[in-house]
Amino acid sequence: MYINLNSESTLMFIMLFFVFILMGILPFLSRKEILFGIRIEKEMMDEQTMKGYTYKYIRRLLFLDAVLLIFLYLGSMHFPLEFVYTVVIIGMIFIQGFSYISVHLEVKRHKENFPVKAPETVVVTTDEKINGVDYPLASIFWFGIPLIINAYMYIYNALIYQEIPEQLKVAFDFNGNIMRMVAKSPAKVFMIPHISLLTLLIFVFVYYAIKMSKKQLDARKPNESKERVLRFRRIWSAWTILMATILTTMFFMLNLLVIGKMNESKTFITLIAIVPTFIIVLSLIILAVYTGQGGSRLKVRSDEDFEKANRNDDAYWKLGMFYVNKEDPSFMVEKRFGVGWTINLGNRKAVIGFVLAIVLLIAISILTSI
Amino acid sequence: MILELNFSSEVPIFIQIRQEVLRAIATGKLSEGEALPSVRQLASEIGINMHTVNKAYSSLKADGFIRIDRRKGAVVEEKRKLVTEAYLKVLDTDIENVFIEAICRGLTEEEMMAICREKYRKIGGR
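A quick note: this is a predicted structure, and the numbers were derived from the prediction, not measured. (Residues numbered from 1 in each chain as written. Chains lettered and ligands numbered in written order. Predicted model: local features only at pLDDT ≥ 70, side-chain atom pairs only at ≥ 80, totals over all residues. Heavy atoms only, no water.)

Q: Is there a simple way to think about the layout of surface pockets in this case?
A: Summary: where empty space remains is shown by rolling a probe the size of a single water molecule over the atoms. Residue and element names in this part refer to chain B. If you add up the space inside the largest pocket, you get close to 2100 Å³. L22, A26, Y87, L91 and Y120 are the residues nearest the centre of the largest pocket, which is lined by 37 residues in total. When contributions to the lining of the largest pocket are tallied by element, the ones reaching two or more residues are α1 (13–26), α4 (85–104) and α5 (109–123). The dominant element in the lining of the largest pocket, judged by the number of residues it contributes, is α4, at eight residues. (1 Å grid on protein atoms, 1.4 Å probe; cavity = no way out; pocket = protein on both sides within 12 Å on 5 of 7 lines; lining within 4 Å. Points joined across faces, edges and corners; volume = space filled by probe spheres on them. Helix = DSSP H or I, 4+ residues; strand = E, 2+ residues; numbered from the N terminus.)

Okay, here's the thing in structure tokens:
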């Protein structure tokens, strides 16, 4: 057996498995009016046909990933595990892209044979109420908790600066061995609090993206979709706050480790590395399955069915994945495939902001490895 | 409050927006002093250019139905008599068109008045 089943490779495989599961369940999470990035109306196809497309996608995903797995096994005999792992991840992304796009194009062709007769309607809400009661996002003041933890990191490091050893331990392996040390300096001592603060800011940014995004309603069921969308936004806004708190706590522990106030025991290191990641990935999957995109999987009393069609905005959705609409002042809109939001690539400011965010993340990665 | 816009209709969107806002005010869904979404917000929600929403809001403002409050943005004005000469002319033409067809189809005065009364009350006028 050439694949060493030590803790590192086991971890890697578990993550790959989660990624695969996530890719496979994506079709089940979309809004009911959207199928593989194409907006469909009831009259265009029946449930059976819709399911057919979903199973086609899953079959392609399974088959191609299985082939990839074989290459993984063969490759692990000749190449280092990290390299093979990277190739597999990239391969899985391409496979998923291919599976999705091929089915997307088939659905698109199917739609062309069924012109819509009902008037194309857009329904919007001017308030954020469910049954007359306000239903806003989770209060932004909850970010105060991770903020306080972060502030405490700074204060603590500053207060005990003298006590911190001259050599900071900055990299560990899962056995508790120190892999790298750097000379103490203000920049290095406060690096983790800086990164923690930046991570917090990223989550605040995500919170705002949710807040600013449009509440997409279904013209056939305006009140039902309104309730779904409002609950969906609130749940995910609360999630950003919770994740920010968990990550800040992790950074707090890491900080203690680096400045020497905590022992580099195997258990501790494994816990810091694994627990937050698992919580985030697991909560993401569970929550995505619970809510569905736009709240499509939430339990809501449904009785409406106005004989209308939603506005056919397929033209703005390139490959059903990229939203490009210069007329629309929105920065972010709900994704069509998957759970979450995506940038309006037709909005110049949004694109600049997006590019800046990526540049920032790359810059941080580079700075922290120095 | 939910606004509905028909993109397949011949009626321009900015007129539809104006109509929907007036409908909301008439039926009480939007009350005096209540804020409307900003031009950008509404344009973003609908997914159209801000100019279109601006046109609708400008016409509503020009006719005195809404005003721009420094803090709250576009706000519904208090209901008062806004019956102008220009409006009466438009009303006259619209009603004439409605009555012409009704008369041709044999609707009596009583039947027509009953329909009008019911509709007016249903919307919320007094």
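Structure shown, so let's carry the discussion forward.
Q: Explain the packing of aromatic side chains here, please?
A: The geometry of two aromatic rings is summed up by the distance between their centres and the angle between their planes. Residues and elements named next belong to chain A. Applying the stated criterion across every chain yields a total of 18 aromatic pairs over all chains. An angle of 25° between the planes, with centres 5.5 Å apart, marks the rings of F36 and F337 as stacked. Of this pair, F36 sits in the loop between β1 (34–35) and β2 (38–39) while F337 sits in the loop between β11 (332–334) and β12 (341–343), placing them 301 residues apart in sequence. For the residue pair F36 and F337, the accessibility class agrees, reading buried in each case. Between W317 and Y323, the ring centres sit 5.0 Å apart and the planes meet at 45°, which makes this aromatic pair tilted. Both residues of the pair, W317 and Y323, belong to the buried class. Above the face of the Y161 ring, K184 is positioned so that its terminal group lies 4.6 Å from the ring centre. Of note, R234 hangs over the ring of Y135, and the distance from its end group to the ring centre comes to 4.1 Å. (Phe/Tyr/Trp six-rings, centres within 6.5 Å; stacked < 30°, edge-to-face > 60°. Buried < 20%, exposed > 50% of the residue type's maximum accessible area, 1.4 Å probe, protein only. Lys NZ or Arg CZ within 6 Å of the ring centre and 35° of its normal.)

Q: Explain empty space enclosed by the protein here, please?
A: The full count for this structure, using the stated rule, is three cavities of 30 Å³ or more. Approximately 390 Å³ is the volume attributed to the largest cavity. Around the largest cavity sit 28 residues that line it, and R39, K214, Q216, L217 and D313 of chain A are the ones nearest its centre. Broken down by secondary-structure element, the contributors of at least two residues to the lining of the largest cavity are β3 (120–125) and β11 of chain A together with α2 (39–46) of chain B. At four residues, the largest contribution of residues to the lining of the largest cavity is made by β3 of chain A. Here the lining of the largest cavity is built from residues that sort into 10 nonpolar, six polar and 12 charged. (Nonpolar A, V, L, I, M, F, W, Y, C, P; charged D, E, K, R; others polar.)

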